[in-house]
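# Structural characterization, general
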Amino acid sequence: FFFLMIRRPPRSTQSRSSAASDVYKRQALGGGLELAISCDLRVASKSSIFGLPETSLAIIPGAGGTQKLTRVISTGLAKELIYTGRRLSAEESLQYGLLNYVEENYEKAYNKSIELSEAILKKGPIAIRQAKQAVNASLETDLKTGLNRERELYARVIDTEDRIEGLKAFVEKRKPTYKGN
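Residues numbered from 1 in each chain as written. Predicted model: local features only at pLDDT ≥ 70, side-chain atom pairs only at ≥ 80, totals over all residues. Heavy atoms only, no water.

### A few points about a nonpolar patch on the surface
Taken together, the side chains of Tyr106, Tyr110 and Ile114 define a hydrophobic patch exposed on the protein surface, amounting to about 260 Å² of accessible area. Along the chain, Tyr106 turns up in helix α6 (residues 106–121). (Patch = residues over 30% accessible without salt bridge, like charges linked within 9 Å, V, L, I, M, F, W, Y side chains within 5 Å. Areas by Shrake-Rupley, 256 points an atom, 1.4 Å probe, with all protein chains shown as cover. Salt bridge = Lys/Arg side-chain N within 4 Å of Asp/Glu carboxyl O. Helix = DSSP H or I, 4+ residues; strand = E, 2+ residues; numbered from the N terminus.)

### Observations regarding the pairing of strand β3 (residues 41–45)
For β3, the buried fraction is high: five of the five residues fall into the buried class. Across the two faces of β3 the burial is the same, with Leu41, Val43 and Ser45 and Arg42 and Ala44 all buried. As paired strands, β3 and strand β6 (residues 101–103) are joined by three bridges and run parallel to one another. In the sheet register, Val43 faces β6, and the bridge partner there is Tyr101. (Buried < 20%, exposed > 50% of the residue type's maximum accessible area, 1.4 Å probe, protein only. Pairing = 2+ DSSP bridges.)

### Considerations on unusual backbone geometry
In the Ramachandran plot, Ala58 falls in the positive-phi region, its phi being about 65 degrees despite a non-glycine side chain. Summarising the element assignment, Ala58 is placed in the loop between β4 (49–51) and α3 (65–72). Even without glycine at this site, Lys173 takes up a positive phi of about 55 degrees. Looking at where Lys173 falls in the secondary structure, it is placed in the segment after α9 (161–171). On the accessibility criterion, Lys173 (76% relative accessible area) is exposed.

### Examining the sheet that holds β4
Strands sit in the order β2-β4-β5 across an open sheet of three strands; the sheet is mixed. One side of each edge strand has no neighbouring strand; the edge strands of this open sheet are β2 (27–29) and β5 (87–89). Here the average twist between neighbouring strands, direction ignored, is 20 degrees. (Axes fitted to C-alpha atoms, helices over the stretch in contact; angles between N-to-C directions.)

### Here we look at the packing of α3 against helix α4 (residues 75–84)
Close contact between α3 and α4 brings their axes to 8 Å; oriented N to C, the two are set at 140 degrees. Taken together, the axis directions place α3 and α4 in an arrangement best described as oblique. For α3 against α4, the interelement crossing comes out right-handed. Of α4, the residues touching α3 (which contributes Gly65, Thr66, Leu69 and Thr70) are Thr75, Ala78, Leu81 and Ile82. Among the residues making up the contact of α3 with α4, the classes are represented as four nonpolar, four polar and no charged. (Parallel < 35°, antiparallel > 145°, perpendicular 65-115°, else oblique. Left-handed = near helix turned anticlockwise from the far one by under 90°. Contact = heavy atoms within 4.5 Å. Nonpolar A, V, L, I, M, F, W, Y, C, P; charged D, E, K, R; others polar.)

### Describing the environment of Ile73
With respect to the helices, strands and loops of the structure, Ile73 is situated in the loop between α3 and α4. The buried category is assigned to Ile73, whose relative accessible area is 5%. Sequence-distant contacts of Ile73, defined by excluding residues within four places in its chain, comprise Ala78, Leu81, Tyr96, Gly97 and Leu98.

### Topic: the packing of helix α7 (residues 125–138) against helix α8 (residues 143–158)
The geometry of α7 relative to α8 is characterised by a closest axis approach of 9 Å and an angle of 175 degrees between their N-to-C directions. For the element pair α7 / α8, the angle class is roughly antiparallel. Contacts between α7 and α8 involve Ile126, Ala127, Gln130, Gln133, Ala134 and Ala137 from the first element and Arg149, Leu153, Arg156 and Val157 from the second. A class-by-class count of the residues in the contact of α7 with α8 yields six nonpolar, two polar and two charged.

### Observations regarding α3
Among the residues making up α3, those that are buried are Gly65, Lys68 and Leu69. Each buried residue of α3 lies within a common arc of 100 degrees when the element is viewed along its axis, so the set occupies one face. Buried positions along α3 lie against α2 (31–36) and α4. (Arc of directions from axis to C-beta.)

### Quick word on the confidence of the model for the protein chain
Averaged over all residues, the pLDDT of the protein chain equals 85, while 86% of them reach at least 70. Helix α5 (residues 90–95) holds the highest mean pLDDT among the elements of the protein chain, 96, whereas helix α1 (residues 2–7) holds the lowest, 34. Considering only residues more than four positions removed or in separate chains, one finds that residues 1–13, a stretch of pLDDT under 50, has 18 contacts. (pLDDT = per-residue confidence, 0-100.)

Below is the structure:
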């Protein structure tokens, strides 16, 4: 069930229109890491460990690890981690770009995740959805096609009430109130 849940596209965080984040307390190994790299943002406690140990069991990551990890960290490091089953500390994971933040303990990591979520929620929801689509498209296409897609997505926010509200709030030096329109 876990394996199927990760692979089913409608439940994938990549296909979700809103930003997805996760917090790690101890380990994200195998399917746990595959789920983690499907999230937009990742925060962990200092004691967390990350890895894809499947080759130690004579199998390979089967829920997207071989495809998604190379989109998060360098191809060479992804190959090393997959081929050897090596585990990374939270600090190494941060250094290699697997994590956005490492906090001293789980409570602080959880609070950082909430802080990030609150910061995102203050932004225009339509803009966040379009930005996520544009960034995700950049992973699947060449630069010219990606820039064209970005233009299309930008055009979708031009006629929104949220864009007008954002500009008015900026001029009036106040915080905007976005409604998702």
